[in-house]
Amino acid sequence: MHLVLGSDAGVAAWVAQRIPQMQSDDPANAFGPCIGVGVASEDGKPLGGVIFHDWQPRFKTVQASFASDSHRWLTRRIIVGILSIPFDQWGCQRINALTPKRNKAARKFLDTFGFKREGACALGFGDDDAIISGLLKRDWIKSRWMVPPRHKPAIGLGCEDQTNGTPSLGDQRPGSLSDRIEGIVPNGQAGPHGTHAS
């Protein structure tokens, strides 16, 4: 398995099609401005994806939406690689996730990674309540997923920039991650843009 970076619209459309609350006539834009991280098998078959959206630079928070077609789409290295993007590369202090109250599997999925349930928005998903969950960086660092010493897990996971070997979220356009994020967030502040777990 490997990470798929630089295909934000494609990953966003794939994820949106698997989350009933996000389905729209334009699935590539269902999350608004976002960064997509896909997970694919060695033969390139999509297995899962994470969309980072609703970036709040003032508060260093981002929302994440997850979807998959396989229960075996995540390994420790892939999990650490994905969550290191907002925490290590963008400096986020918190990742938010919203899940439908009726979707117990989605809430259990988030629990696995250390997200804590913090509240609910009555009828946040129309006819269902939205459960608010969050994962703080300080809790992530202490979690069972992180193995000392901390490392930069994105390197070696198939997400290196082909020009200099550093982790990149480039999408075939020239420029750094900051340049890409500048198109998403005002004043060039690093980070992306909302989240639902499927």
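Since we're looking at a predicted model, the values are computed, not measured.

Visitor: What is the right way to look at the pattern of salt bridges in this model?
Guide: Two side chains carrying opposite charge are able to pair once their charged atoms lie near each other. Inspection of every chain in the model, using the stated rule, returns five salt bridges. Among the ionic pairs, R117 bridges to D111, the shortest N-O distance being 2.6 Å.

Visitor: In this structure, what is going on with the confidence of the model for the chain? I would like to understand it.
Guide: Residues shown with low pLDDT carry predicted positions that ought not to be read at fine detail. Looking at the chain as a whole, its pLDDT mean stands at 78, while 74% of the residues score no less than 70. Here helix α5 (residues 177-182) stands out as the element of the chain with the lowest mean pLDDT, 40, in contrast to strand β7 (residues 130-136), whose mean of 96 is the highest. Scored below 50 in pLDDT, residues 153-198 shows 118 contacts in the model against residues more than four places distant or in partner chains.

Visitor: Sorry if this is basic, but what is going on with the environment of L3 here?
Guide: Of note, L3 is situated in strand β1 (residues 2-4). Among the residues examined, L3 registers a relative accessible area of 2% and is labelled buried. Expressed as a C-alpha distance, the spacing of L3 and A40, which sit 37 residues apart in the sequence, is 6.5 Å.

Visitor: Any chance you could explain the pairing of strand β2 (residues 34-40) here in plain terms?
Guide: Here is the key point about a regular strand: its side chains alternate between the two faces of the sheet. Counting buried residues along β2, seven of its seven residues qualify, which places the element largely inside the surrounding structure. The two faces of β2 match: C34, G36, G38 and A40 on one face and I35, V37 and V39 on the other face are all buried. In this sheet, β2 lies alongside β1 in antiparallel orientation, the contact comprising three bridges. Paired with H2 across the strands is A40, a residue of β2. Connecting β2 to the next strand, strand β3 (residues 46-56), in antiparallel fashion are five residues, including G44 with a positive phi near 90°.

Visitor: Help me out: how do you make sense of the sheet that holds strand β6 (residues 116-121) in this one?
Guide: The sheet built from seven strands is open, its strands ordered β1-β2-β3-β4-β5-β7-β6 with mixed pairing. The open sheet has two edge strands, β1 and β6, and neither has a second partner. Taken pair by pair, the neighbouring strands of this sheet meet at an average axis angle of 30°, ignoring direction. Sheet strands touched by helix α1 (residues 8-16): β2, β3 and β4 (61-68). Its angle to β3, the strand with the most contacts, is close to 105°.

About the cut-offs
- Residues numbered from 1 in each chain as written.
- Predicted model: local features only at pLDDT ≥ 70, side-chain atom pairs only at ≥ 80, totals over all residues.
- Heavy atoms only, no water.
- Salt bridge = Lys/Arg side-chain N within 4 Å of Asp/Glu carboxyl O.
- pLDDT = per-residue confidence, 0-100.
- Helix = DSSP H or I, 4+ residues; strand = E, 2+ residues; numbered from the N terminus.
- Contact = heavy atoms within 4.5 Å.
- Buried < 20%, exposed > 50% of the residue type's maximum accessible area, 1.4 Å probe, protein only.
- Pairing = 2+ DSSP bridges.
- Axes fitted to C-alpha atoms, helices over the stretch in contact; angles between N-to-C directions.

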